[in-house]
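Understanding the architecture of this molecule
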Amino acid sequence: MPNRTSPLAPARPATAAPRPSRTGFLGGPAPILASAVLWGTTGTASSLAPSGAAAAAIGCAGLSLGGILLFLTSRGARSLPAACTRAERWLIVLGALAVAGYPVTFYPAVARTGVAVATVIALGSAPVFAGLLSWITGQARPTARWTGATAAAVVGCTLLVLGPELAGEGTPVDLTGVLLAMCAGLSYAVYSMIGGRLIAHRHASDAVMGVLFGAAGLLVLPVVVFTDVRWLATPRGAAVAVYLALFTVCLAYRLFGHGLRHTPASVATSLTLAEPAVAAVLGVTVLGERLPAVSWSGLAVLALGLVLLAAKPAGPAGPRRPGRSGCPGCA
């Protein structure tokens, strides 16, 4: 995924004075990891909604409120479509559809397979989809470091999910739920790449996230309106919807958009594999779920993969020509 240093952005003259850079850990991986922590709370939060609430309606309610709020509070969001080229406007449309597709598929997957399984499958498949799409579209070629780190993270996620079954405590996984979770992973990979592409074209990250999620919020609004909304009138239902909107949509995607400015989508989606770890820990501490030793081992492998992705690769001193995507982990 190209970023500010990609050929799509005008290069600065060699004689230009260096500007302060925030492209280190705090400028890229840290905001993305923070957003992953917030996303890791979505399953636990949605499980606290009233029992009569439809799974898709819970996620769509959070996206509608949060997406519209993100649009209204993002500087430059209103003027972004006019500043885009025709091709970029089509990217916005596709990105909004991908964003809208995530809650429609992810929350029903959670209802069918459980929080941990749905989260791991969705987030575990996202970096694979992102890497393949980046390769197919010629934006980046996965390197050995990215491949190894992502493989470690996916193996860790797999152990995290299959741990109870390997320990003789599991139940068969719902195939429809698995497919829905994979569709959610594809949706996530697509809008991550589109968001990264628009940001790489020097559009403000806040404006890009605001437009994508504001449009998606309007797209999924009928799902909320045409289902039973009585759960939203209860204190618990309203609290769940507001939490999802403010923290897992508005704040999380503002952080994610900032991180995408300095991090390629293939690496960003791999870093967000921290989400299932957070979801698992919350399941144990808040919902009273139990994890066997195999699952905890998976968490350790997952953490190793995240460290490999976030760490800056060592290399010889002196100028280094960036890869085709101008980012770590891509060539």
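Keep in mind that what you see is a predicted model, and the values were worked out from it rather than measured. (Residues numbered from 1 in each chain as written. Predicted model: local features only at pLDDT ≥ 70, side-chain atom pairs only at ≥ 80, totals over all residues. Heavy atoms only, no water.)

1. Focus: the overall build of the chain
Helix and strand content of the chain: 13 helices and zero strands. Counting helices and strands in the order they occur from the N terminus, the chain gives α-α-α-α-α-α-α-α-α-α-α-α-α. Looking at the chain as a whole, 51% of its 331 residues are labelled buried. Sequence separation of 24 or more characterises 87% of the internal contacts of the chain that already satisfy a separation of 6 or more. Accessible surface, the chain as shown: approximately 15000 Å² in total, 69% of it carbon and sulfur. (Helix = DSSP H or I, 4+ residues; strand = E, 2+ residues; numbered from the N terminus. Buried < 20%, exposed > 50% of the residue type's maximum accessible area, 1.4 Å probe, protein only. Contact = heavy atoms within 4.5 Å. Areas by Shrake-Rupley, 256 points an atom, 1.4 Å probe, with all protein chains shown as cover.)

2. Considering the environment of Gly 210
Within the secondary structure, Gly 210 is located in helix H9 (residues 205–225). When the C-alpha atoms of Gly 210 and Arg 78 are compared, they prove to be 8.7 Å apart, with 132 residues separating the residues in sequence. If we skip the residues at most four places from it in the chain, Gly 210 touches Gly 67, Leu 70, Phe 71 and Ser 74.

3. Some words on the packing of aromatic side chains
The full count for this structure, using the stated rule, is nine aromatic pairs. Look at Tyr 102 and Phe 106: their rings are 5.2 Å apart centre to centre, the planes differ by 15°, and that puts the pair in the stacked class. Within this pair, Tyr 102 and its partner Phe 106 are both found in helix H5 (residues 86–113), separated by four residues, close to a single helical turn. With a relative accessible area of 12%, Tyr 102 lands in the buried category. (Phe/Tyr/Trp six-rings, centres within 6.5 Å; stacked < 30°, edge-to-face > 60°.)

4. With respect to the pattern of salt bridges
Considering all chains together, one arrives at two salt bridges under this definition. The residue Arg 254 makes a salt bridge to Asp 206 at a minimum N-O spacing of 3.2 Å. Of the two residues, Arg 254 sits in helix H10 (residues 235–260) while Asp 206 sits in helix H9, which places them 48 residues apart along the sequence. (Salt bridge = Lys/Arg side-chain N within 4 Å of Asp/Glu carboxyl O.)

5. Here's the deal with the side chain of Thr 41
The topology assignment puts Thr 41 in the loop between helix H1 (29–39) and helix H2 (42–47). Taking relative accessible area as the criterion, Thr 41 reaches 15% and is therefore assigned buried. At 2.6 Å, the side chain of Thr 41 forms a polar contact with the backbone oxygen of Leu 38. (Polar contact = N/O pair within 3.5 Å; in protein donor to acceptor, adjacent residues only side chain to side chain.)

6. Things to note about the packing of H9 against H10
Relative orientation of the contacting elements H9 and H10 amounts to 135°, with a least axis distance of 8 Å. Judged by the angle between their axes, H9 and H10 are oblique. As H9 runs across H10, the sense of the crossing is right-handed. Between H9 and H10, the contacting residues are Ser 205, Asp 206, Met 209 and Phe 213 on the first element and Val 249, Tyr 253, Arg 254, Gly 257, His 258 and Leu 260 on the second. Taken together, the residues of the contact of H9 with H10 break down into five nonpolar, three polar and two charged. (Axes fitted to C-alpha atoms, helices over the stretch in contact; angles between N-to-C directions. Parallel < 35°, antiparallel > 145°, perpendicular 65-115°, else oblique. Left-handed = near helix turned anticlockwise from the far one by under 90°. Nonpolar A, V, L, I, M, F, W, Y, C, P; charged D, E, K, R; others polar.)

7. Concerning the packing of helix H6 (residues 115–136) against helix H8 (residues 175–200)
Where H6 contacts H8, the axes come no closer than 7 Å and their chain directions differ by 45°. Compared by their axis directions, H6 and H8 come out oblique. In the crossing of H6 with H8, the sense of the turn from one axis to the other is right-handed. Between H6, through Ala 118, Ile 121, Ala 122, Leu 123, Ser 125, Ala 126, Phe 129, Ala 130, Leu 133 and Ser 134, and H8, the contact on the second element is made entirely by Val 178, Ala 181, Met 182, Ala 184, Gly 185, Leu 186, Tyr 188, Ala 189, Val 190 and Met 193.

8. Some remarks on empty space enclosed by the protein
The tally for this structure, following the rule as stated, stands at one cavity of 30 Å³ or more. Secondary structure elements with two or more residues in the lining of the largest cavity: helix H3 (55–73), H5, H8 and H10. Sorting elements by how many residues they give to the lining of the largest cavity places H5 first, with five residues. Class assignment for the residues of the lining of the largest cavity results in 14 nonpolar, four polar and one charged. (1 Å grid on protein atoms, 1.4 Å probe; cavity = no way out; pocket = protein on both sides within 12 Å on 5 of 7 lines; lining within 4 Å. Points joined across faces, edges and corners; volume = space filled by probe spheres on them.)

9. Quick word on the environment of Ala 207
Secondary-structure assignment places Ala 207 in helix H9. Residue classification places Ala 207 among the buried residues on the basis of a relative accessible area of 3%. Spatially, the C-alpha atom of Ala 207 lies 5.1 Å from that of Gly 76, the residues being 131 residues apart in sequence. If sequence neighbours within four positions are ignored, Ala 207 has contacts with Ser 74, Arg 75, Gly 76, Ala 77 and Leu 80.

10. Some words on the nonpolar core
One finds Tyr 102, Phe 106, Tyr 188, Tyr 191, Phe 213, Tyr 253 and Phe 256 to be the most contacted residues of the largest nonpolar core, which totals 76 residues. Discounting residues that sit within four places of it in the chain, Phe 106 has contacts with Thr 42, Ala 118, Thr 119, Ala 122 and Ala 184. (Core = buried A, V, L, I, M, F, W, Y, C linked by side-chain atoms within 4.5 Å.)

11. Thoughts on helix H7 (residues 144–166)
Helix geometry: H7 is bent most strongly at Leu 160, by close to 35°, with proline Pro 164 lying one to four residues after it. Burial in H7 covers these residues: Trp 146, Ala 149, Thr 150, Ala 152, Ala 153, Gly 156, Cys 157, Leu 160, Val 161, Gly 163 and Pro 164. Positive backbone phi, at 80°, marks Gly 168, one or two positions downstream of H7. (Bend = angle between axes of the 7 residues up to and from the residue.)

12. Focus on the environment of Gly 195
Tracing the sequence through the fold places Gly 195 in helix H8. Judged by its relative accessible area of 0%, Gly 195 falls in the buried class. Residues Gly 195 and Leu 212, spaced 17 residues apart in sequence, show a C-alpha to C-alpha distance of 8.1 Å. Filtering out sequence-adjacent residues up to four positions away, Gly 195 remains in contact with Val 208, Met 209, Leu 212 and Leu 260.

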